[in-house]
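Structural characterization, general
For reference, the chains in residue letters:
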Amino acid sequence: LLRVGRLGAARLSSAHSKSFGNCRLASTLVVADHNNKAVNPATLSAITAASKIGGEVHVLAAGSGFDEVVDTLSKVTGVSKVLKAEADVFAHCLAEDLESQILSCQKSGGYSHIIAPASALCKAAMPRAAAKLDVDQISEIVEVKSEDTFVRPIYAGNALATVKSEDSVKVITVRGTNFDKAAIGGDAAPVESIGAETA
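Residues numbered from 1 in each chain as written. Predicted model: local features only at pLDDT ≥ 70, side-chain atom pairs only at ≥ 80, totals over all residues. Heavy atoms only, no water.

**Some words on the overall build of the chain**
Secondary structure summary: the chain contains five helices and 11 strands in total. Put simply, the chain has 199 residues, and 47% of those count as buried. Considering only intrachain contacts with a sequence separation of at least 6, the fraction spanning at least 24 residues in the chain is 73%. With the model as given, the accessible surface of the chain reaches about 9300 Å², and the carbon-plus-sulfur share is 49%. (Helix = DSSP H or I, 4+ residues; strand = E, 2+ residues; numbered from the N terminus. Buried < 20%, exposed > 50% of the residue type's maximum accessible area, 1.4 Å probe, protein only. Contact = heavy atoms within 4.5 Å. Areas by Shrake-Rupley, 256 points an atom, 1.4 Å probe, with all protein chains shown as cover.)

**A closer look at the side chain of Ser100**
Residue placement: Ser100 occurs in helix α4 (residues 95-109). According to the relative accessible area criterion, Ser100 is buried, its value standing at 18%. Look past the residues within four positions of Ser100 in its chain and what remains in contact with it is Glu197, Thr198 and Ala199.

**Concerning the packing of α4 against helix α5 (residues 120-133)**
Two elements in contact, α4 and α5, have axes separated by 8 Å at closest approach and are oriented at 50°. One way to sum up the angle between α4 and α5 is to call them oblique. In this structure, the crossing between α4 and α5 has a hand that is right-handed. Of α5, the residues touching α4 (which contributes Ala95, Glu96, Leu98, Glu99, Ile102, Leu103 and Gln106) are Leu121, Cys122, Ala124, Ala125, Met126, Arg128, Ala129, Lys132 and Leu133. Looking at the contact of α4 with α5, its residues break down into 11 nonpolar, one polar and four charged. (Axes fitted to C-alpha atoms, helices over the stretch in contact; angles between N-to-C directions. Parallel < 35°, antiparallel > 145°, perpendicular 65-115°, else oblique. Left-handed = near helix turned anticlockwise from the far one by under 90°. Nonpolar A, V, L, I, M, F, W, Y, C, P; charged D, E, K, R; others polar.)

**Quick word on α4**
Between its first and last C-alpha, α4 extends 21 Å over 15 residues, near the 21 Å set by a 1.5 Å rise per residue. The complete set of buried residues in α4 reads Ala95, Asp97, Leu98, Glu99, Ser100, Gln101, Ile102, Cys105 and Gln106. Residues of α4 that are buried in the fold lie against β2 (27-31), β3 (56-63), β4 (81-86), β5 (113-117), α5 and β11 (191-194). Where α4 terminates, the next one or two residues include Gly110, which has phi positive at roughly 55°. (Expected span 1.5 Å × (residues − 1).)

**A short note on the sheet that holds β3**
Pairing in this open sheet of seven strands is parallel, and the strands run β6-β10-β5-β2-β3-β4-β11 from one edge to the other. Single-partner strands in this sheet number two, and they are β6 (137-141) and β11. On average, adjacent strands in this sheet sit at an angle of 25° to one another, irrespective of strand direction. Across five bridges, β5 lies against strand β10 (residues 170-174) in parallel orientation. Each residue of the ladder has a partner; that of Ala116, found in β10, is Thr173. α5 rests against β2, β5, β6 and β10 of the sheet, and its axis sits at about 165° to β5. (Pairing = 2+ DSSP bridges.)

**Describing the pairing of β2**
For β2, the buried fraction is high: five of the five residues fall into the buried class. Both faces of β2 are covered, namely the face carrying Ser27, Leu29 and Val31 and the face carrying Thr28 and Val30. Strand direction decides the pairing type here: β2 and β3, joined by five bridges, are parallel. Within the sheet, the bridge partner assigned to Leu29 lies in β3 and is His58. With helix α2 (residues 41-53) bridging β2 and its parallel neighbour β3, the resulting β-α-β unit is right-handed. (Right-handed = clockwise from strand over helix to strand, strands pointing away.)

Encoded structure:
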């Protein structure tokens, strides 16, 4: 079992972990990857991974002219709310701008977990957000064991490691092929328009 976490965050987490159920319920922000026309299927796998943690799952959708994408995300099983950030700059989203939007959502939402598919854009943005939050990213998980314990590949994928995070916020990318895609259908979750934050 590998333990990860910055020293400062680990001190925070030791007290927090004793009272997790009483004090701070799990809540996850999933960063959606899309092309403003359709949702990347890996996002649906990330939502499945988030649902295994427990608590509410909010999806951040940053884009431009992408109402169909937002509508689809609102109908994904397990999604409690969609946070819609619309701006022209998100028509061709850069890692720096997505990072700023993630940090803005974290500041207002206080999520226990931030999860994204291991897509090119998210793999560029998530480490930047983790660094600003002063936590260690857990990359390309293939299994959720609990709210703080995950399985991820090591040694170029030749072995698997179980990693326990002691950080107060878990920043995670998901290997989509290891999780089922969340179903689309049913009642739509609420959509909240939020201010766009860019670099």
